[in-house]
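Take a look at the letters that make up each chain.
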Amino acid sequence: RVYYSPAWANLLGENSLPPVPETWQRRIHPADRENVLLSLRDHLEGKNDGWQCEHRLLARTGEWKWILGRGQVLVRDGAGHAVRVVGTMVDITRHKEVEEVMHRLNRDLERRVEERTAELNARVAEVEHLNRELEAFSYTVSHDLRSPLRNITGFLELLEKRTAGRLDAEAGRFFATVGREATRMGRLIDELLEFSRLGRAEIKR
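Just so we're clear, the structure is a prediction, and the values are computed from it rather than from any experiment.

Asker: Explanation requested: the layout of surface pockets in the structure shown.
Answerer: The gaps left among the atoms become clear once a water-sized probe is rolled over them. Its volume calculated, the largest pocket comes out at about 940 Å³. Looking at the largest pocket, it is lined by 28 residues, and the ones nearest its centre are Val2, Tyr3, Val85, Val86 and Gly87. Listed by contribution, the elements that provide at least two residues to the lining of the largest pocket are helix 1 (6-12), helix 2 (22-25), helix 3 (30-44), strand 2 (64-76) and strand 3 (82-91). Element by element, the count of residues in the lining of the largest pocket is highest for strand 3, at ten residues. Residues of the lining of the largest pocket, tallied by class, amount to 19 nonpolar, five polar and four charged.

Structure, rendered in structure tokens:
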């Protein structure tokens, strides 16, 4: 004998349910039926301690409802065959709908994170490229500025030696000013070169 509770009979939508397992089995979604029946058979044959399975079931409204089924063999005969089985069926459709929404949101979030990560990686690559260009530019500028600066300093020293004792004090101040400015220009070039390396330096407090 097979007994269905009133709530279960109402879900299936049959007033007079044939007392056979097929009443439930024929309502299982075709894509789920084989897995459900195989897992139930394993329990009936004693291969595990209990049966539990999620599957879709055709309700009296014509909708496919998600069901969580659980079952347990209570009595077996001398040969180990199932004699009495009790089970429950719980409508988990709402839970599945929420679960699907969460999965969809997670997939969307993962896609957006991947897109944002790709954008950031592209930006990092662009910044690294710009840093390399800045460094190359700074080296070039440094080299191009040092060469004329060395010429200025060298010719200034020669001019001071050539005119030693023949110029007044004001001319000496002019030489000193040019020398200081050349030295300051050299420091500025060094600082420019040091600044170009900051992009690769470790940040410290």
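Here the narrative resumes.
Asker: Please explain the environment of Val90 as it appears in this structure.
Answerer: Checked against the element boundaries, Val90 lands in strand 3. Here Val90 falls in the partly exposed class, since its relative accessible area comes to 38%. Along the chain, Val90 and Asp168 lie 78 residues apart, while their C-alpha atoms are 109 Å from each other. Apart from the residues within four sequence positions on either side, Val90 is in contact with Trp66, Ile67 and Leu68.

Asker: Hey, could you run me through the pattern of salt bridges in this one?
Answerer: If the charged atoms of two oppositely charged side chains come close together, the side chains can form a pair. Scanning the model with the defined rule gives 17 salt bridges in all. A salt bridge links Glu45 to Lys47, with the nearest nitrogen and oxygen atoms 3.5 Å apart. Residue Glu45 is classed as partly exposed on the basis of its relative accessible area of 48%. A residue is classified by how much of its surface remains accessible, and Lys47, at 57% relative accessible area, is exposed. Its salt-bridge partner being Glu126, residue Arg123 comes within 3.1 Å of it at the nearest N-O pair.

Asker: How do you make sense of the sheet that holds strand 2 when you look at a structure like this?
Answerer: Strand-to-strand pairing in sheets goes through backbone hydrogen bonds, with the strands running parallel or antiparallel. Sheet architecture is open: three strands sit in the order 1-2-3, paired in antiparallel fashion. Sheet topology places strand 1 (51-58) and strand 3 at the edges, where each strand pairs with a single neighbour. Within the sheet, the average angular offset between the axes of one strand and its neighbour, ignoring direction, is 30°. Both strand 1 and strand 2 contribute to a ladder of eight bridges, which runs antiparallel. Within the sheet, the bridge partner assigned to Glu54 lies in strand 2 and is Leu68. The strands touched by helix 3 within the sheet are strand 1, strand 2 and strand 3, with strand 1 carrying the most contacts at an inclination of about 150°.

The rules behind each value
- Residues numbered from 1 in each chain as written.
- Predicted model: local features only at pLDDT ≥ 70, side-chain atom pairs only at ≥ 80, totals over all residues.
- Heavy atoms only, no water.
- 1 Å grid on protein atoms, 1.4 Å probe; cavity = no way out; pocket = protein on both sides within 12 Å on 5 of 7 lines; lining within 4 Å.
- Points joined across faces, edges and corners; volume = space filled by probe spheres on them.
- Helix = DSSP H or I, 4+ residues; strand = E, 2+ residues; numbered from the N terminus.
- Nonpolar A, V, L, I, M, F, W, Y, C, P; charged D, E, K, R; others polar.
- Buried < 20%, exposed > 50% of the residue type's maximum accessible area, 1.4 Å probe, protein only.
- Contact = heavy atoms within 4.5 Å.
- Salt bridge = Lys/Arg side-chain N within 4 Å of Asp/Glu carboxyl O.
- Pairing = 2+ DSSP bridges.
- Axes fitted to C-alpha atoms, helices over the stretch in contact; angles between N-to-C directions.

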